[in-house]
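Overview (structure and organization)
Single-letter residue listing:
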Amino acid sequence: MPVKIRLQRHGKKGKPFFWIVAADSRAKRDGKYLEKLGAYNPNTNPATIDLDVDGAVKWLENGAQPTDTARAILSYKGALLKKHLAGGVKKGALTEEQAEAKFNAWLEEKASKIQAKADGLSKASADAKAKALEAEKAVNTARIAAAAPVVEEPAEEVVSEETTASNEEE
C-alpha cells in the first residue's frame, strides 16, 4: 500500500483549512486517511501550521512520500531535517544528543525569523494606521477651514498717541 503525506481540504468556500494526513495514495483527496499529522491554515499571516513532527518523521522513515505542498510544509517545520539527522545517527556520523542540539538550534533560528516577520507586519500595520490618521486630520482641518464663515473685520482706527498716553496715566 503506497502511502502519501498530503493535504485534506476543509473549511468553507474561499476560506480553506487543511489537515496534513498520511493516507493511501488511492484514497480520495478528502477521503479515508491513516493518521492525522497536523493542520495548516493559510488564511492567517504568517500561515498557521500545527504539525506532529515526530509522527511525520516516523511516516517518512517508513517510506511515505509527501506531495509537493506537504513537502514544503514538512521542510518549513523541520520534519525533513529531523529525518536527515536521524539518518546520520543511524550511520554513526552523529550522536543522538548532537542531532537533538542541531535540531533545537535550527528551531530557535526559525522561530526568531517567524517572530521578526510577525513584528514587521504589525509595525507596517501600525505605520499605515498612523499615516491614515494624519491624512484624515489634514482633511478635517481643511474642511473646517473651508466651512468657517469669512467675517470681514472693520479697519482699525488709528489711535493717536495722546489717547494712549492718557490711558497710561489712569
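The structure we're discussing is the one just above.
Residues numbered from 1 in each chain as written. Predicted model: local features only at pLDDT ≥ 70, side-chain atom pairs only at ≥ 80, totals over all residues. Heavy atoms only, no water.

**Quick notes on unusual backbone geometry**
Among all residues except glycine, the phi angle is most often negative; among peptide bonds, the trans geometry is most common. Quick note on the threshold: Helix numbering and strand numbering both begin at the N terminus, where a helix is a DSSP run of H or I of at least 4 residues and a strand a DSSP run of E of at least 2.
Geometrically, the link from asparagine 45 to proline 46 is a cis peptide bond, its omega value of -5° lying close to zero. Along the polypeptide, proline 46 turns up in the loop between strand 3 (35-41) and strand 4 (48-51).

**Some remarks on the side chain of glutamine 8**
Cut-off, in case you're wondering: Throughout this description, a polar contact denotes any pair of N or O atoms lying within 3.5 Å of each other; where both atoms belong to protein, one of them has to be capable of donating a hydrogen while the other can accept it, and for residues adjacent in sequence the pair is counted only when both atoms sit in side chains.
Locating glutamine 8 in the fold gives a position in strand 1 (residues 3-12). Looking at glutamine 8, its side chain comes within polar contact range of the main-chain oxygen of glycine 31, at 2.6 Å.

**Here's the deal with the packing of helix 2 (residues 68-77) against helix 4 (residues 96-147)**
Helix-helix packing is described using two parameters, namely the angle between the two axes and the distance between the axes. How we decide: Working convention: axes come from line fits to C-alpha atoms, limited for helices to the stretch in contact. Angles between N-to-C directions cover 0 to 180 degrees. For classification purposes, an angle smaller than 35 degrees is called roughly parallel, one larger than 145 roughly antiparallel, one from 65 to 115 roughly perpendicular, and anything else oblique. Working rule for contacts: check all heavy atoms of both residues, and any pair within 4.5 Å makes them a contact. We call Asp, Glu, Lys and Arg charged. Ala, Val, Leu, Ile, Met, Phe, Trp, Tyr, Cys and Pro are nonpolar, and the rest, Gly among them, are polar.
Axis separation between helix 2 and helix 4 bottoms out at 10 Å; the angle between their running directions is 105°. One way to sum up the angle between helix 2 and helix 4 is to call them roughly perpendicular. When helix 2 is examined against helix 4, the residues Ser75, Tyr76 and Lys77 are found in contact with a partner set consisting of Trp106, Leu107, Lys110 and Ile114. The class makeup of the residues in the contact of helix 2 with helix 4 is 4 nonpolar, 1 polar and 2 charged.

**Points about the pairing of strand 2 (residues 15-24)**
The criterion, for reference: A simple rule labels every residue: compare its accessible area, found with a 1.4 Å probe on the protein chains alone, to the largest value its type can have, and call it buried under 20%, exposed over 50%, or partly exposed in between. Two strands make a pair as long as DSSP finds a minimum of two bridges between them.
In terms of residue burial, strand 2 counts as a mostly covered element, since 7 of its 10 residues are buried. When strand 1 meets strand 2, the two strands line up antiparallel, connected through 10 bridges. What sits directly across from leucine 7, in strand 2, is isoleucine 20. Hairpin connection, strand 1 to strand 2: the antiparallel pair is bridged by 2 residues, and glycine 14 has positive phi, about 85°. By the bridge criterion, 5 bridges tie strand 2 to strand 3 in an arrangement that is antiparallel. Directly across from tryptophan 19, in strand 3, lies its bridge partner alanine 39.

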